[in-house]
Amino acid sequence: MTWDAKSRRFQVVFLPTSRCNARCSYCFSKHGQTQLSLAQVSLVADNVFAYAASRGAREVGVFWQGGEVMTLSPEFVTDAFKRWEEQAASHKMTAVHHLQTNLLRYDSNWRKVIETCFQGKVSSSFDYPNLHRRSLDEEGYTRRFMRNFRRLKDDGFRCGIIAIPNQKTLELGPQRFLEFYFNKLQTHGVQVNLPFPSPSWTGTYQLPVDYTSPLLKFLTELYTLWRNSYRGLGFDLEPLASMEARLTGDTRRSRLPCLFGRNCADQFVAIGPDLTVAQCDCWVLSDPDFAFGNLKVQSLIEIMRSSEVRQQLLERPARLLEGTCGTCEHLGHCFGGCPVRSRGFYGSPLTADPYCELYKGLYDSILTLRRGEAS
Ligand code: SF4
Ligand code: SF4
Ligand code: SF4
């Protein structure tokens with residue numbers, strides 16, 4: 001849940017199911033068959049609006065994630081959406097719904113749902129090249145994703161894409177990477193996310209922090225190429241475009257992801273399919289030690305007020321100031337990065353993000369490029 005004081009808007013990550021029809025080797029979630037009932041959806045929505053109202057919000061952004069939402073039926077998602085709408089009306093608030101999906105089950109049965117519930121927009125993810133994403137059945141992930149992505153576009157919907165670079169991505173280089181998203185997939189942009197260091201709880205995938213130098217080189221070249229050849233074509237490259245915007249004081253254009261937020265513990269909350277409340281989708285299905293509480297036993301207002309785990313996370317920025325972040329010239333842009341990445345790599349969320357050197361390098365590269373242009 002994000003508290004945006006200006007717009008009086010909260011955001012919640014909503015996970016109605018733990019089921020997923022993929023088994024990606026880098027997934028941080030523990031999947032299962034748990035699913036909210038419609039009565040539980042009403043309970044979640046009631047709690048969310050009550051909490052949002054207690055903080056003076058008028059609007060709630062609801063980010064549907066999983067598991068995979070499309071493993072539920074279109075009818076269930078529509079009914080669950082109606083439960084949110086009923087609760088919104090009874091709390092005299094509005095909700096704006098967003099969908100994150102792997103698209104593996106997208107077909108014409110979902111058209112009406114996307115139109116009605118998600119304003120004709122979805123968000124998905126696809127890596128180039130695809131080394132880690134696997135579907136559970138025989139049809140290959142890449143083939144099915146590409147087919148369904150085309151269907152989605154043919155149906156007139158807009159889809160944002162997240163990509164996580166891997167070793168092969170770095171070998172192929174930025175030109176091939178941008179060509180794939182711009183020419184082959186024909187997206188309007190791509191958001192490059194960094195892998196989660198989660199071997200402690202998935203046991204399958206090691207974070208390539210060792211690749212900080214090659215990753216920095218790749219991202220710097222990617223940013224340079226995008227500025228020279230793709231930005232003018234209306235193609236977006238996040239978070240680099242927003243990092244640049246924030247560095248240059250253009251906060252209007254800056255849509256940085258949560259990891260560069262001031263303090264996500266004051267900004268986000270996620271609710272899982274067993275009614276667990278946790279920091280975000282990265283924790284709620286995967287790290288029970290870091291749950292804030294459960295709506296079966298407490299209201300969201302009580303959980304957010306009394307959770308010691310949340311309190312610890314709230315105090316993270318002050319802890320980081322005692323260390324290297326305290327003297328970092330990029331503190332006002334980075335704020336110490338992402339606690340779940342710290343937890344995955346160092347075992348504790350109360351340390352600086354393991355990608356620290358990468359962030360510093362990126363900020364320096366962006367500034368150097370701009371200074372070079374100005375002189
Ligand atoms: S990364 Fe996404 S699509 Fe892949 S297994 Fe995890 S939840 Fe499913
Ligand atoms: S823990 Fe990381 S991924 Fe989760 S909300 Fe915070 S910054 Fe975002
Ligand atoms: S770049 Fe590193 S030292 Fe600077 S604020 Fe971010 S995590 Fe802290």
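Everything numeric here is computed off the predicted structure, so don't read it as measured data. (Residues numbered from 1 in each chain as written. Chains lettered and ligands numbered in written order. Predicted model: local features only at pLDDT ≥ 70, side-chain atom pairs only at ≥ 80, totals over all residues.)

Caption draft 1: Representation of the environment of Leu194 in the model. Here Leu194 is to be found in the loop between β6 (189-192) and α6 (199-202). Each C-alpha atom, one on Leu194 and one on Tyr355, is 8.6 Å from the other, the two residues being 161 residues apart in sequence. (Helix = DSSP H or I, 4+ residues; strand = E, 2+ residues; numbered from the N terminus.)

Caption draft 2: Highlighting the site of ligand 2. Every residue close to ligand 2 is listed here: Cys258, Leu259, Cys264, Phe268, Gln279, Cys280, Cys282, Cys338, Pro339 and Val340. For the shell around ligand 2, the residue count by class is 9 nonpolar, 1 polar and no charged. (Near = placed C-beta within 6 Å. Nonpolar A, V, L, I, M, F, W, Y, C, P; charged D, E, K, R; others polar.)

Caption draft 3: Geometry of the pairing of strand β2 (residues 59-64). Among the 6 residues of β2, 5 are classified as buried, and the element is accordingly described as predominantly covered. In this structure, strand β1 (residues 9-14) lies alongside β2, joined through 6 bridges in parallel fashion. Following the sheet pairing, Val12 is matched in β2 by Val62. In this fold, β1 hands off to helix α1 (residues 38-54), which returns the chain to β2; that crossover is right-handed. At this point the chain moves from β2, through helix α2 (residues 74-90), to the parallel strand β3 (residues 94-99), and the crossover so formed is right-handed. (Buried ≥ 20, exposed ≤ 12 C-beta atoms within 10 Å, placed from the backbone. Pairing = 2+ DSSP bridges. Right-handed = clockwise from strand over helix to strand, strands pointing away.)

Caption draft 4: Spatial organisation of the packing of helix α5 (residues 167-184) against helix α7 (residues 212-230). The N-to-C vectors of α5 and α7 enclose an angle of 35°; their axes lie 9 Å apart at closest approach. Here the hand of the crossing between α5 and α7 comes out right-handed. When α5 is examined against α7, the residues Leu170, Pro174, Gln175, Phe177, Leu178 and Phe182 are found in contact with a partner set consisting of Pro214, Leu215, Phe218, Glu221, Leu222, Leu225, Trp226 and Tyr230. Within the contact of α5 with α7, the residues separate by chemical class into 12 nonpolar, 1 polar and 1 charged. (Axes fitted to C-alpha atoms, helices over the stretch in contact; angles between N-to-C directions. Left-handed = near helix turned anticlockwise from the far one by under 90°. Contact = placed C-beta atoms within 7 Å.)

Caption draft 5: Quick peek at the pairing of β6. One ladder, built from 2 bridges, connects strand β5 (residues 158-163) with β6; its direction is parallel. Paired with Ala163 across the strands is Val192, a residue of β6. Relative to strand β7 (residues 236-238), β6 is paired through 3 bridges, and the arrangement is parallel. Within β7, the residue paired with Val190 across the bridge is Leu237.

Caption draft 6: Spatial organisation of the environment of Gln279. Turning to its location among the elements, Gln279 is positioned in the loop between β9 (276-278) and α9 (281-284). On the basis of neighbour count, Gln279 is assigned to the buried category, with 27 C-beta atoms found within 10 Å. Separated by 30 residues in the primary sequence, Gln279 and Val309 have C-alpha atoms spaced 9.2 Å apart. Residues in contact with Gln279, not counting those within four places in the same chain, are Cys264, Ala265, Phe268, Ala270, Phe290 and Leu313.

Caption draft 7: Fine view of unusual backbone geometry. Across the junction of Gly66 and Gly67, the peptide omega takes the value 15°, indicating a cis bond. The omega angle of the peptide bond from Glu238 to Pro239 is 0°, so this bond is cis rather than trans. Backbone geometry at Lys92 places phi at a positive 55°, although glycine is not the residue there. Secondary-structure assignment places Lys92 in the loop between α2 and β3. The phi dihedral of Gln119 is positive, around 50°, even though this residue is not glycine. Considering the arrangement of structural elements, one finds Gln119 in the loop between α3 (111-117) and β4 (121-125). Using a count of 14 C-beta atoms within 10 Å as the deciding quantity, one classes Gln119 as partly exposed.

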